[in-house]
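The chain contents come next:
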Amino acid sequence: MSEPTPAADVLGRPVPVLSVSPVTLPAHDRAVDLQLRVSAPVTGSGLPVVLLSHGLGFSHHLSSLHGYAPLASFWAAHGFVVIQPTHLDSRTLGEDRGTAAGGVPHWRSRAEDMWRVLDRLDEVEEAVPGLAGRLDRSKVAVAGHSMGGHTASLLLGARLTDPDDGAEVKLADPRITAGVLLAAPGRGDALTDFTVEHYPFFLTTDFSRMATPALIVAGDKDDSAFLTVAGPQWHADPYTLAPGPKSLLTLFGAEHGLGGVSGYDVAETTDEDPARVAAVARLTAAYLRSAFDPDDPAWQTAGAQLAAESAPFGRIESK
């Protein structure tokens, strides 16, 4: 793939980042207290917030507040406060998390973790030196990779039917005004038998009311064969089946790791490509900048730069 255009051309120069973990929010109604990593630029005010939801994956520590440094560090260096919870399905909670932590997978509690963070932003600010008073609480986005993308979709307005009681589940949070879905799961009528058995809630995923603006990022080689029979296009469903405004970034040659967004030099990344990760970080940051401020040309400029590449690493479409 071609080298991406330098991020400074679109987003300005990066600044140093302060990352603090664990920030612990006591939670007596949760199996364990909620632990977070908070990454923020050391300068600036009126900072937008990005809630970043981890995937499941096979590594023990990436599926927690310890993962996704390539994205969290970049976003924070370019003006966002990134908050990463450790969800109850994290491997860091031990092999018995399925019983001791309340059952796997935690499609509902993952979204509730994000509600909890937003409800208690005062505590989060106070726990991070120099952060108090620097957040713009009117600018909140959610981002997520893989299972984290499913979490993000629910917070953006997607719905499902609870497989236990048949009730329609509505988990959208109006405080969240933009989203980024990375290799997120798609529609429920294209699942493998494995997925139906282990993730039955995917069967009823409904994107038709996911109205919050979002960028969907999908790899054109991400067949996720153990999850879906639909091939790579399954991961574009949150774009195809949701109402606008939405954008779709299709990455050429990218598999489920999108080049390695979940961590540096990660063994489970099947398509390791630092340039691809840099491109994902740059374009997602540009999207969020413009989503929060329509007068900011970052997204339009980044898209024009991509289209002008002689050998582009992907394509963008919007509706």
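See the structure shown above.
So, how was this worked out
- Residues numbered from 1 in each chain as written.
- Predicted model: local features only at pLDDT ≥ 70, side-chain atom pairs only at ≥ 80, totals over all residues.
- Heavy atoms only, no water.
- Helix = DSSP H or I, 4+ residues; strand = E, 2+ residues; numbered from the N terminus.
- Buried < 20%, exposed > 50% of the residue type's maximum accessible area, 1.4 Å probe, protein only.
- Contact = heavy atoms within 4.5 Å.
- Core = buried A, V, L, I, M, F, W, Y, C linked by side-chain atoms within 4.5 Å.
- Pairing = 2+ DSSP bridges.
- Axes fitted to C-alpha atoms, helices over the stretch in contact; angles between N-to-C directions.
- Nonpolar A, V, L, I, M, F, W, Y, C, P; charged D, E, K, R; others polar.
- Right-handed = clockwise from strand over helix to strand, strands pointing away.

(A) Fine view of the environment of Thr-250. Inspection of the secondary structure assignment puts Thr-250 in strand β10 (residues 246-251). For Thr-250, a relative accessible area of 9% gives the class buried. With 80 residues separating them in the primary sequence, Thr-250 and Lys-170 have C-alpha atoms 28 Å apart. With residues up to four places along the chain from it excluded, the contact list for Thr-250 reads Ala-218, Asp-220, Phe-313, Gly-314 and Arg-315.

(B) Main features of the nonpolar core. The biggest cluster of nonpolar side chains holds 53 residues, and the ones touching the most others in it are Leu-36, Val-38, Leu-51, Val-81, Ile-83 and Ile-176. Counting residues per element, this core draws most heavily on helix α4 (residues 107-119), at five residues. With residues near it in sequence (within four places) discarded, Ile-176 still touches Leu-51, Leu-118, Val-140, Ala-141, Val-142, Leu-155, Leu-156 and Thr-212. Grouped together as the second largest cluster of nonpolar side chains are 39 residues, Leu-258, Val-261, Val-280 and Phe-313 included.

(C) Seen up close, unusual backbone geometry. Looking along the chain, the bond that leaves Ser-21 and enters Pro-22 is cis, with omega of -10 degrees. Relative to the helices and strands, Pro-22 resides in strand β1 (residues 17-25). Going from Gly-244 to Pro-245, the amide bond is cis rather than trans, its omega being 0 degrees. Even without being a glycine, Ser-146 presents a positive backbone phi close to 60 degrees. Within the secondary structure layout, Ser-146 lies in the loop between β5 (135-145) and α6 (147-155).

(D) Expanded view of the environment of Ala-31. Looking at the element boundaries, Ala-31 is found in the loop between β1 and β2 (34-41). Since its relative accessible area comes to 43%, Ala-31 is described here as partly exposed. Between the C-alpha atom of Ala-31 and that of Asp-265, which follows or precedes it by 234 residues, the distance is 32 Å.

(E) Fine view of the environment of Arg-282. Assignment of secondary structure puts Arg-282 in helix α9 (residues 274-292). Note on Arg-282: relative accessible area 3%, which makes it buried. A sequence separation of 204 residues divides Arg-282 from His-78, and the C-alpha atoms of the two residues are 9.4 Å apart.

(F) Seen up close, the sheet that holds strand β3 (residues 47-53). Spatially, nine strands are ordered β1-β2-β4-β3-β5-β8-β9-β10-β11 in an open sheet, and the strand pairing comes out mixed. The two strands at the open ends of the sheet, each matched to only one other strand, are β1 and β11 (314-318). Put simply, the sheet's adjacent strands are angled 20 degrees from each other on average, direction ignored. By the bridge criterion, four bridges tie β2 to strand β4 (residues 81-85) in an arrangement that is antiparallel. Counted as the bridge partner of Val-38 is Ile-83 from β4.

(G) Main features of helix α2 (residues 69-77). The buried fraction of α2 amounts to seven of the nine residues, a majority that puts the element mostly inside the structure. Looking only at α2, the buried set comprises Pro-70, Leu-71, Ala-72, Phe-74, Trp-75, Ala-76 and Ala-77. Backbone geometry just downstream of α2 places Gly-79 in the positive-phi region, at approximately 105 degrees.

(H) Structural context of the packing of α9 against helix α10 (residues 298-308). Contact geometry for α9 and α10: axes closest at 7 Å, N-to-C directions at 145 degrees. Facing Arg-282, Leu-283, Ala-286, Tyr-287, Arg-289 and Ser-290 of α9, the residues of α10 in contact are Ala-298, Trp-299, Ala-302, Gln-305 and Leu-306. Taken together, the residues that form the contact of α9 with α10 break down as seven nonpolar, two polar and two charged.

(I) View of the pairing of strand β8 (residues 178-182). Burial of β8 is extensive: five of the five residues sit out of reach of the surface. Pairing between β5 and β8: five bridges, direction parallel. The residue of β8 that forms the bridge with Gly-144 is Leu-181. One ladder, built from four bridges, connects β8 with strand β9 (residues 214-219); its direction is parallel. By the bridge assignment for β9, Leu-182 is matched with Val-217. In terms of handedness, the path from β8 via helix α7 (residues 193-198) over to β9 forms a crossover that is right-handed.

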